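Residue-level listing of the chains:
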Amino acid sequence: MSVQRISLIGVPVDVVPPEDLEMTVLELLARPGTKQIVFLSVWDLLRARHKGEFQNCVRNADLVIPVSKSILSGASFLKKSVPVRYNPFDAVIHIMSVLDAHFKSLYLLGSRSQTLHSAARNVAATFPNLRIVGKYAGYYQKSVEGDVIKAIYKACPSLVLVSDGMKDKVCWAYKRRNQFSSSIFIYYKEVMGIFSKRIKRIDEKTFERGHEIYHEIIRNPLKIFLIFPYMWYILVLVWYRLLKK
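Residues numbered from 1 in each chain as written. Predicted model: local features only at pLDDT ≥ 70, side-chain atom pairs only at ≥ 80, totals over all residues. Heavy atoms only, no water.

(A) Focus on the overall build of the chain. When helices and strands are counted, the chain shows 12 helices and eight strands. Taking 245 residues into account, the globule formula puts the C-alpha radius of gyration at 18 Å, and the chain, at 18 Å, falls close to it. Dimensions of the chain, computed from C-alpha atoms along their principal axes, come out at roughly 50 × 40 × 35 Å. The buried share of the chain, taken over its 245 residues, is 47%. Looking at the chain as shown, the accessible area adds up to about 12,700 Å², and 54% of this sits on carbon and sulfur atoms. (Helix = DSSP H or I, 4+ residues; strand = E, 2+ residues; numbered from the N terminus. Rg over C-alpha atoms; globule rule 2.2 N^0.38 Å. Buried < 20%, exposed > 50% of the residue type's maximum accessible area, 1.4 Å probe, protein only. Areas by Shrake-Rupley, 256 points an atom, 1.4 Å probe, with all protein chains shown as cover.)

Here it is, written out as structure tokens:
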């Protein structure tokens, strides 16, 4: 793949120009086994610095796409190649368009049953050449997970979109990576809600300005306290700039 991977404060981040995204996705599809695309926010970046399952998930992801403007400014501050920032929903649409153009397949996983069915109906109408080979709602009992995994394995979809209602979230596919055949997995919590039109996506101008955090604070006022990890992020960048050249 024509993707450059940089290390930002010890966490991998990929530089994927928009014009290379289609070829990158097709090259991923050609690889055997489980593949994963991770959307990385600045909060995820900080979390991935600590040893554990999430760190391993990010480090082993086939593609790590930044979604926070702070990641770009951090890369610039450390004089590294500056990655391209993607709106996660736009990236999903772009990837699905590539799959649609090549008559690939899709499996939808997560969210509540009604939301999932609405999402599937709208996806089918938008991407007529992208075959939906299965779907399963989230919030399921642990006893049925074996059936879910078996269904995905048998369907062998090109892409599995994972939404809310999955206990391990972004790590769901990573923890079960040896139980699938050959699929790309993407976790995006709100994707089914947006496709079903139950959730309104963030305004494009708001995202371009990097102000999506204000939208999150309105929905959850406690997120105002994210100012503290953000200040820590600034300090870590300065430390890397001064002492880790």
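(B) Representation of the pairing of strand 1 (residues 4–8) in the model. Relative to strand 2 (residues 11–15), strand 1 runs antiparallel, the two being bridged by five bridges. Each residue of the ladder has a partner; that of R5, found in strand 2, is D14. The hairpin turn running from strand 1 into strand 2, its antiparallel successor, is two residues long, and I9 in that turn takes a positive phi close to 45°. (Pairing = 2+ DSSP bridges.)

(C) Seen up close, the packing of helix 1 (residues 18–30) against helix 5 (residues 88–101). Between helix 1 and helix 5, the shortest axis-to-axis distance is 10 Å and the interhelical angle comes to 60°. As summarised for this structure, helix 1 and helix 5 are arranged oblique, according to the angle between their axes. Two packed elements cross with a definite hand, and for helix 1 against helix 5 that hand is right-handed. Residue-level inspection shows P18, L21, E22, V25, L26 and L29 of helix 1 in contact with helix 5, the latter providing H94, I95, V98 and L99. Considering only residue class, the contact of helix 1 with helix 5 consists of eight nonpolar, one polar and one charged. (Axes fitted to C-alpha atoms, helices over the stretch in contact; angles between N-to-C directions. Parallel < 35°, antiparallel > 145°, perpendicular 65-115°, else oblique. Left-handed = near helix turned anticlockwise from the far one by under 90°. Contact = heavy atoms within 4.5 Å. Nonpolar A, V, L, I, M, F, W, Y, C, P; charged D, E, K, R; others polar.)

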